[in-house]
Amino acid sequence: MIRSLLGSSGGTGFSLTLAALAVTAALLVATLAGVGPSGFLVNIIGQLAAFALLALALDLIWGYLGILSLGHGLFFAIGGYVMAMHLLMHSFETTGTVPDFMQFMGWKEFPAYWAGLGVFPYALAVALVLAGVVALVTGWVSFRSRVGGVYFAIITQALVYAAMLLMFRNDTGFGGNNGMTGFSVIFGLRMGTETASAVLALASVVVLALGLVATRALVSGRLGRLMLATRDDEVRLRSLGYDTIVLKTGVWVVSALLAAIAGMLYVPQVGIVNPRILSPELSLEIAVWVAIGGRGHLVGAVIGAVLVNALKFWLSFAAPDVWPFILSALIVLVVLVFPNGLLDLSRGFGALKARMRREGVASLDPRRAGP
Amino acid sequence: MSALLIDDISVEFGRFRAIDRLSLAIDYGEIRGVIGPNGAGKTTVLDVVSGITRPKAGRVVLDGGLEITRASETLIARSGVRRKFQKPSVFDALTAAENVAVGVEGRLRRTAPAAEVRRRALDLLDAVGLADEADRQAGEFSHGQKQWLEIAMVLGGDPKVLLLDEPVAGLSDEETEKTAALVRSLKRPDRAIVVVEHDMGFVETIADRVTVLHEGRTLFEGSMAGARADARVIEVYLGR
C-alpha cells in the first residue's frame, strides 16, 4: 500500500508535495510559538491551501472521470455559508455580538433553522449533508439522463449562477448581496489574531495533506482504475456489466464534499462570505488552476492552484489591471502548448519537442517560423 | 432453446428504417456469421442485442428468459451478453492485464480476490497471444493487439452470447488467420457466437451458418457456400 502510494509513476512529485506541506505546517507551528512567518503571510498560506483542496476536488472528477464541472463554486459556497453561520452563531453565543446582517435584515432573533449551528461538529455535519445531497441529486439526475461532456459543464455553470442570483436576493435570508461578515470568535479564539490565523492556516494545510493522501489512495486503487476506464470509454465499461451511473455519482459526491470542506476552511480566513463566491468566474477559474497544474494528476491540481493564486495575490498588489490578461495568456498557453499543464514541463523539453513534431504544432516552433 | 431470439424487430433512425421486421434465432454451440453490404443493419442488430439501441417494435429474448429489449445495458451484460465493438474499445490508461481484469470482475463491488482476478486475466491474455504484453499500457498497443485485447476483455465475463463486430477489420492476413483460429477456439456447447464481418473469407473459415442482411432484412440464411451460390446475394453483395 505504502509502496503503491509513493513508488508508482509520479510518486516523486507526490512525496515532494507532501514534504512541502509538512515544512509549511512546521512553519505555521513556529508562528504559533511566536517565531514563524507573520500573520499576513500565514493568512495567504491558509487561503492557498483551501484553494488547493478545491482544485483537488475538481481534479478528482475532471481528471479521473472526465466530467468537467464549471460549478464547483456551488459546493465551495455551501461549505462557506454554513461555516459563516457557525461563526456568527458561535460569536453570538460567546460574546453576545449580534451580527450586522441581522440588523439590516430587521431580524430580532436567529431564525429557527440556525439552531445548533454554534456547535462546530453539527455545523460540519450540516455542510457535508447539504453538499452531499445537492451533489447526489444533480449528479444522479444528470448521469442517469446520460448528460455529459459540455452539456454537463453548462448545467453546472447554470446551477452556480442560479444559486448566485438566489443568494443576491435579500429576502433569501443569508445576508443578501452583503453576505455575512463580522466573525469575532472561532473555536474560542479571537479572530484576526496571529494565533487564530496560524491555527486556521495550519488546519487548512493539514486537511489538504489528508485530502491529497485520501484521494491518492482512492485513485491508485481498483476504483481509480474503473474511474479511468469510465473516462476512456464509458459505453465499453457499461457493456461489461458495470453500473457507471453509481460510480460517477459516488465520485461526484466525494468531490462535492471536498469542495465544501475547502469552503469551510476558506471563509473564516477571508472573514466574509457573499454571493460572489458563487460567481461563474470563480468556478471557471478552478478549472483553469487544474488545467494549468495538469489534470489527472492530483499533485498537479494542488501545484496549479497554489501557483496561479500566488501569482494572483502578488499581481493584485503589484498590477491589479493586468491580472485578467495574464490569466487569459496562461490559458491560451496551456491549451496550445501544454495540454497536460505543468506536467508537460516536468517531463522535460525533449519529450515536449518530440510531441510537437509528432502532432504537427510546428508553427509554434520559432525556428520553423517565417517563409 | 435458442440462445438469442430476435423476433420481428424494427429500428428507425428518423425516417430511415435501419432494421425492417428482422427475425433471427441463434443457437448455443454455433458461430453465426452476419454479413451484408454497408448499411445493411449489421451493427444496428448488435446495438439492439447489447441494449444500446431500442427497437421501435419487436423483441429480443436471451436464453428464453430475459427480455433484452426492456433491460438496461448493465443487466444485459450481467446476464451473459458480451460485445466486442467495431472500433477497438480498450481503456488506454490501463495496462493490458488491468483491462482484462475489468472484464473479469464485471461489477463495481469486488467479487474475487485481486490475485485470483489477475491470474484469470493473465490466462486470458495468454489465450489471445498477449501474455508478454500484460503490463504494457493498452494505449501503446497496435490496432491488432487492441482487437485481441478487447476479445480477452469480453471473454473475462465468460459470455453465453458473444458478439464480435468486425474482429478482423484493419488486420493483416497473418493477423486475420490468427484471429480466425482464436474465434474457432472460443466455440463451446453453452455459448453462441455472432460475428459481423465484411471479410467473406474470414467468415467462411469460422462460421457454421451465415445470415446475409440487406436493407435491414434477412436476404439469405444457411451455409456460406449456399450464400455464394444464391442469386439474390450475388446481386446485392457479391456481385459488386
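Analysis parameters
Residues numbered from 1 in each chain as written. Chains lettered and ligands numbered in written order. Predicted model: local features only at pLDDT ≥ 70, side-chain atom pairs only at ≥ 80, totals over all residues. Helix = DSSP H or I, 4+ residues; strand = E, 2+ residues; numbered from the N terminus. Rg over C-alpha atoms; globule rule 2.2 N^0.38 Å. Buried ≥ 20, exposed ≤ 12 C-beta atoms within 10 Å, placed from the backbone. Contact = placed C-beta atoms within 7 Å. Pairing = 2+ DSSP bridges. Core = buried A, V, L, I, M, F, W, Y, C linked by C-beta atoms within 7 Å. Axes fitted to C-alpha atoms, helices over the stretch in contact; angles between N-to-C directions. Parallel < 35°, antiparallel > 145°, perpendicular 65-115°, else oblique. Nonpolar A, V, L, I, M, F, W, Y, C, P; charged D, E, K, R; others polar.

### Structural notes on the overall build of chain A
Line of reasoning, step 1. Of regular secondary structure, chain A possesses 16 helices and four strands.
Line of reasoning, step 2. The C-alpha atoms of chain A give a radius of gyration of 22 Å, which matches the 21 Å a tight globule of 371 residues would have.
Line of reasoning, step 3. Buried residues in chain A amount to 44% of all 371 residues.
Line of reasoning, step 4. Taking all contacts inside chain A whose residues are at least 6 apart in sequence as the whole, residues at least 24 apart take part in 79%.

### A short note on the sheet that holds strand β2 (residues 16-27) of chain B
Residue and element names in this part refer to chain B.
Line of reasoning, step 1. Read across the open sheet, the four strands follow the order β2-β1-β4-β5; overall the sheet is antiparallel. Of all the strands in the sheet, just β2 and β5 (66-67) have a single pairing partner and so form its edges.
Line of reasoning, step 2. The sheet contact formed by strand β1 (residues 2-13) and strand β4 (residues 57-62) spans five bridges and is antiparallel. Paired with Leu-4 across the bridge in β4 is Leu-62.

### Considerations on the pairing of β1(B)
Line of reasoning, step 1. In this sheet, β2(B) lies alongside β1(B) in antiparallel orientation, the contact comprising eight bridges. Opposite Leu4(B), over in β2(B), you have Ile26(B) as the bridge partner.

### A short note on the nonpolar core
Residue and element names in this part refer to chain A.
Line of reasoning, step 1. Residues Leu-53, Leu-54 and Ala-55 are the most contacted members of the largest nonpolar core, which totals 180 residues.
Line of reasoning, step 2. Looking at which element gives the most residues to this core, the answer is helix α3 (residues 39-62), with 16 residues.
Line of reasoning, step 3. Not counting residues within four places of it along the chain, the set of residues in contact with Leu-53 comprises Val-207, Leu-208, Gly-211, Leu-258, Ile-261, Ala-262 and Leu-265.

### Structural notes on the sheet that holds strand β9 (residues 209-214) of chain B
Residue and element names in this part refer to chain B.
Line of reasoning, step 1. Read from one edge of the open sheet, six strands run β6-β7-β8-β3-β9-β10, paired in mixed fashion. Every interior strand has two partners, whereas the edge strands, β6 (81-84) and β10 (217-222), have only one. Averaged over all adjacent pairs, the angle separating strand axes in this sheet is 20 degrees, with direction ignored.
Line of reasoning, step 2. Of the strands in this sheet, β3 (31-35), β6, β7 (161-165), β8 (192-196) and β9 are in contact with helix α1 (residues 42-49), which crosses β7 at around 145 degrees.
Line of reasoning, step 3. Taken strand by strand, helix α5 (residues 143-155) contacts β6 and β7, and its axis lies near 175 degrees from that of β6.

### Some details on the packing of helix α8 (residues 194-220) of chain A against helix α9 (residues 222-232) of chain A
Residues and elements named next belong to chain A.
Line of reasoning, step 1. One can describe the packing of α8 onto α9 by two numbers: an axis separation of 4 Å at closest approach and a directional angle of 70 degrees. Considering the angle they form, α8 stands roughly perpendicular to α9. On α9, the residues that touch Leu-218, Val-219 and Ser-220 of α8 are Leu-223, Gly-224 and Met-227.
Line of reasoning, step 2. When its residues are assigned to classes, the contact of α8 with α9 shows four nonpolar, two polar and no charged.

### What about unusual backbone geometry?
Most peptide bonds are trans, and most residues other than glycine sit at a negative phi.
Line of reasoning, step 1. The backbone of Arg21(B) sits at a positive phi, close to 45 degrees, despite the residue not being glycine.
Line of reasoning, step 2. Relative to the elements of secondary structure, Arg21(B) occurs in strand β2.

### Examining the interface of chain A and chain B
Line of reasoning, step 1. Contacts between the two partners involve 16 residues from chain A, matched on the other side by 20 residues from chain B.
Line of reasoning, step 2. Listed by contribution, the elements that provide at least two residues to the side of chain A that touches chain B are α9, α10 (234-238) and α11 (244-270) of chain A.
Line of reasoning, step 3. Broken down by element, the side of chain A that touches chain B gets its largest block of residues, six residues, from α9(A).
Line of reasoning, step 4. Classifying every residue of the side of chain A that touches chain B gives seven nonpolar, two polar and seven charged.

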